[in-house]
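# Topology and contacts: notes
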Amino acid sequence: MDLTLLPPDITAAHSGFELAVAACADLDALMRLKGEFTGRDGSHAARMMDLLKTAPKEQKRELGAAINGLKNAWEESIKKRQSELEASKKRGTSLASSWDPDLPPPMPAHGARHPLNRLMDRLVDVFRPLGYHVEEGPETETEAHNFDGLNIPEDHPARGSADTFYFAAHEGKLLRTHTSPVQVRVLKRLAPDIEKLGGIRFLAPGRVYRKDEIDPTHSPMFHQVEGMLVGHNIGMHHLKGTLAYAMKALFGPAADVRFRPSYFPFVEPGCEVDVRCPLCGGSGCRVCKGSGWVEILGAGLVHPNVLRFAGIDPTIWSGFAFGMGVERTAMMVSQTPDLRLFFENDQRFLKAMGGLD
Ligand SMILES: [Zn+2]
């Protein structure tokens, strides 16, 4: 299209036309623009038609083609923009109100590891230098792995259908209630080679299920990290030394541990492990309820029956095991009052937790 025959103000208007159309945020603005370019009186198009009438005969043909080309291009663009704006009006959103050619383009948000996964990763990183590797087990388990192999008696309340999700159609199948069945699986698998390996040590992070109502501190699905070591003459001092090291690596040099006697069927003796409150350093705060300590782990020396069930001789081998609630620890460290925030995946929360850019 030859525009050299047209007056310079019209060619200038034409060069800014597409930008002006895109900048129309609503139909009113677009109609004003339409009037300015293609309206009946005083528009650029009308002026061009006047020009055509008075043009020398030999130019008429060429000029007419240029004018028609421009008019058609303008009408086309305006029509296209009009249908866009009408569609966005129907959706109730403003398509172009925020359109500003000077702003940098919107960047897609980057994904990132979930805060719970990052905490589990950190724990794995703490234990890896101590020779622990990661083991995983199925979330659908058998009663044998989830209870029998862990010395949990037939009449233990945890085995009841009030606490455990059983699969009605599959006899003896359930959703694992803790990560401890991974102990049973790994011990059984490695038992034949334990002499050659000189012992067993691993970490088992994963999802577990219990019939809990959802509230700020409970969820029917949550995460645990299980740790286990089997060797010769393993005692409580090994457990305490290992956990003291791990808690310092996780929470900083002030993080001391203390043990309180407790009972779990798969350990003897069993204990609950408190760590010096990482938030107040032990002076007392809301999170530790003024005590300076927070309960964070269950642990103990592996019960001989657990080793025996897996085919390992408890007179030769001994070990310790510990388990940590991931959500509970994450809530404490981040002072998050409601467990559900970790599962709703609201990007504002994840961002605040440092999980997103
Ligand atoms: Zn505290």
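Overview of the structure. Quantities reported herein were computed from a predicted structural model and do not represent experimental measurements.

### Let's talk about the overall build of the protein chain
Secondary structure assignment for the protein chain yields 14 helices and nine strands. In terms of C-alpha radius of gyration, the protein chain reaches 36 Å, well past the compact-globule figure of 21 Å for 357 residues. The principal-axis extents of the C-alpha atoms in the protein chain amount to approximately 115 × 55 × 40 Å. Looking at the 357 residues of the protein chain, the share that counts as buried comes to 30%. Taking the contacts inside the protein chain whose residues are at least 6 apart along the sequence as the reference set, 64% of them involve residues at least 24 apart.

### Focus on the nonpolar core
By size, the foremost hydrophobic cluster in this structure holds 56 residues, and its most contacted members are Leu243, Val273 and Ala299. Setting aside its immediate chain neighbours within four residues, Ala299 contacts Leu239, Leu243, Cys271, Val273, Phe320, Ala321 and Phe322. In terms of nonpolar packing, the next biggest core, distinct from the first, is built from eleven residues, Val21, Cys24, Met48 and Leu85 among them.

### Concerning the pairing of strand E9 (residues 318-325)
Most of E9 is tucked away, with seven of its eight residues classed as buried. When strand E5 (residues 221-231) meets E9, the two strands line up antiparallel, connected through eight bridges. Note on E9: the bridge partner recorded for Gln224 is Gly325. Inspection of the sheet shows strand E8 (residues 293-302) paired to E9 by five bridges, in the antiparallel sense. Across the sheet, the residue bridging to Gly298 is Gly323, located in E9.

### Brief notes about the packing of helix H3 (residues 27-38) against helix H5 (residues 57-91)
Running from amino to carboxyl end, H3 crosses H5 at an angle of 170°, the nearest separation of the two axes being 10 Å. The angle between the axes of H3 and H5 places the two elements in the roughly antiparallel class. Note on element contacts: H5 touches H3 through Lys71, Trp74, Glu75, Ile78, Arg81, Gln82 and Leu85, opposite Leu27, Leu30, Lys34, Phe37 and Thr38. Here the residues of the contact of H3 with H5 are counted per class, giving six nonpolar, two polar and four charged.

Reading guide: rules and limits
Residues numbered from 1 in each chain as written. Predicted model: local features only at pLDDT ≥ 70, side-chain atom pairs only at ≥ 80, totals over all residues. Helix = DSSP H or I, 4+ residues; strand = E, 2+ residues; numbered from the N terminus. Rg over C-alpha atoms; globule rule 2.2 N^0.38 Å. Buried ≥ 20, exposed ≤ 12 C-beta atoms within 10 Å, placed from the backbone. Contact = placed C-beta atoms within 7 Å. Core = buried A, V, L, I, M, F, W, Y, C linked by C-beta atoms within 7 Å. Pairing = 2+ DSSP bridges. Axes fitted to C-alpha atoms, helices over the stretch in contact; angles between N-to-C directions. Parallel < 35°, antiparallel > 145°, perpendicular 65-115°, else oblique. Nonpolar A, V, L, I, M, F, W, Y, C, P; charged D, E, K, R; others polar.

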